[in-house]
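The primary structure of each chain is shown beneath.
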Amino acid sequence: MILLQSPSRFLLQTLLNRVQNLEKGVELDYQWVEFGDVRYHVQVSMKNPHFLSLSVSLPTPAQETVLSGGLPFGAIEAVKASYGVLVQILDPPKDGFNLTLRLNLSKLPPDEGSPSFFSKEYKHALMVKIASVREVVLGAPLRVVLKHLASRTVAPDIDQPFALVHRPQESFFLVPQAEKVTIVFPMSFKDSIDTVLATSFLQEFVGARRTAGLNNAPPCMWSPSPPVELKGTAGEALSANAGFVTFVIFPRHVEGKKLDRTCSEGFMHTRMRRRVESLIQALDRAKPDLEKSKKTVQSRSFKRLSLKEAHTNSK
């Protein structure tokens, strides 16, 4: 199911290369966009080789998305909790970006003479976490809501359904309650054939989660129309030609260490959608061969033979 790892692979490689050559004065200035939704900018100067500037531009939010200072609520707290003293949040961020972080790589623990958990594996794990900044920032509101669910409470000022951005001009919905949290993903595709294929795939996906081996997983449902939890939400926000996928999370799903796993699974929709799109692309690549074979068949002509001609050809 999972096509992509959560960290940015290019960002991770850039960070690892910089850590391994920290004493070398290297000037870096990289900008790139990943999967059409997140833009990154990495800078390192010759004067301060131990400092790395990382700027992130998030997907353009839909109108119904809830933001705080240009970021999902809880994002600043999530960044501080994830990266600690290694990262400084610059305010304001660089022009054109939602978030700018200043990494002090000199604060990384040394390799020699340190406890085993301060080994190269530890550094690598830390770089993976930094390269996963997209998930940390976009997943912050979900983490806040699920933390309150674990204590069977609702976070202040978010006791109504609200939207979070996860792709350009696309959002999903959280419906927080003290006893459960409902997550709803509207599914939309541009091509009519893609819509049919995606709808079929999603129905199979929901059916698979109902098997005996997944009885303890959060319930998953698909419906062609918006679920009742989104009653009163603006009509434009609910435009989905491939239906709605709904997950229901209960306190038992976020107890103890389960919270981290559930937060990660909350963003599986992006991977799930990419899986649908990859299957559609595979089918699209098969279309030319199919059309070619059709043309070959259609280009053949047949001549009706008389009985005499047929008898002659059979000899």
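Everything that follows concerns the structure shown earlier in this document.
Reading the values: the criteria
Residues numbered from 1 in each chain as written. Predicted model: local features only at pLDDT ≥ 70, side-chain atom pairs only at ≥ 80, totals over all residues. Heavy atoms only, no water. Helix = DSSP H or I, 4+ residues; strand = E, 2+ residues; numbered from the N terminus. Buried < 20%, exposed > 50% of the residue type's maximum accessible area, 1.4 Å probe, protein only. Areas by Shrake-Rupley, 256 points an atom, 1.4 Å probe, with all protein chains shown as cover. Phe/Tyr/Trp six-rings, centres within 6.5 Å; stacked < 30°, edge-to-face > 60°. Lys NZ or Arg CZ within 6 Å of the ring centre and 35° of its normal. Pairing = 2+ DSSP bridges. Axes fitted to C-alpha atoms, helices over the stretch in contact; angles between N-to-C directions.

Novice: How should the overall build of the chain be read in this particular structure?
Specialist: Within the chain, the secondary structure is distributed over 9 helices and 10 strands. Out of the 315 residues belonging to the chain, those deemed buried represent 42%. Surface summary for the chain: the accessible area is close to 18100 Å², and the carbon and sulfur share equals 54%.

Novice: When you look at the packing of aromatic side chains in this model, what are you seeing that I'm missing?
Specialist: The geometry of an aromatic ring pair comes down to the distance between the two centres and the angle between the two planes. For the coordinates displayed, the defined rule picks out 6 aromatic pairs. Ring geometry for Phe185 and Phe247: centres 6.0 Å apart, planes at 80 degrees, overall edge-to-face. Of the two residues, Phe185 is situated in strand 8 (residues 181–186) and Phe247 in strand 10 (residues 244–249); the sequence distance between them amounts to 62 residues. With a relative accessible area of 2%, Phe185 lands in the buried category. The class for Phe247 is buried, based on a relative accessible area of 7%. For Arg39, the ring lying beneath its charged end belongs to Phe97, and the centroid distance is 4.3 Å. One Lys or Arg, Arg102, reaches over the ring of Phe51 and ends 3.9 Å from the middle of that ring.

Novice: Would you explain the sheet that holds strand 7 (residues 170–176) in this entry?
Specialist: Across the sheet, 5 strands lie side by side as 6-7-8-10-9; this open sheet has antiparallel pairing. Taken across any chain shown, the strands that pair with only one partner, and hence form the sheet edges, are strand 6 (162–167) and strand 9 (220–223). Neighbour-to-neighbour, the strand axes of this sheet turn through a mean angle of 25 degrees, independent of strand direction. The sheet contact formed by strand 7 and strand 8 spans 4 bridges and is antiparallel. Bridge pairing links Pro176 to Val181 in strand 8.

Novice: How should I be thinking about the pairing of strand 5 (residues 99–104) in this particular structure?
Specialist: For a regular strand, side-chain orientation follows a simple rule: the groups alternate between the two sheet faces. Within strand 5, 5 of the 6 residues are buried, which leaves the element mostly enclosed by the surrounding structure. The pairing of strand 3 (residues 51–57) with strand 5 spans 6 bridges and is antiparallel. The residue bridging Phe51 from the neighbouring strand is Asn104, located in strand 5. Of the pairings in the sheet, the one linking strand 4 (residues 87–89) to strand 5 comprises 3 bridges and is antiparallel in character. Looking across to strand 5, one finds that Val87 is bridged to Leu103.

Novice: Honestly, unusual backbone geometry in this entry has me stumped. Any pointers?
Specialist: Among all residues except glycine, the phi angle is most often negative; among peptide bonds, the trans geometry is most common. Residue Pro92 follows Asp91 across a cis peptide bond; omega there is 5 degrees. Its place among the elements puts Pro92 in the loop between strand 4 and strand 5. One non-glycine residue, Arg152, adopts positive backbone phi at about 55 degrees. Mapped onto the secondary structure, Arg152 falls in the loop between helix 5 (140–150) and strand 6.

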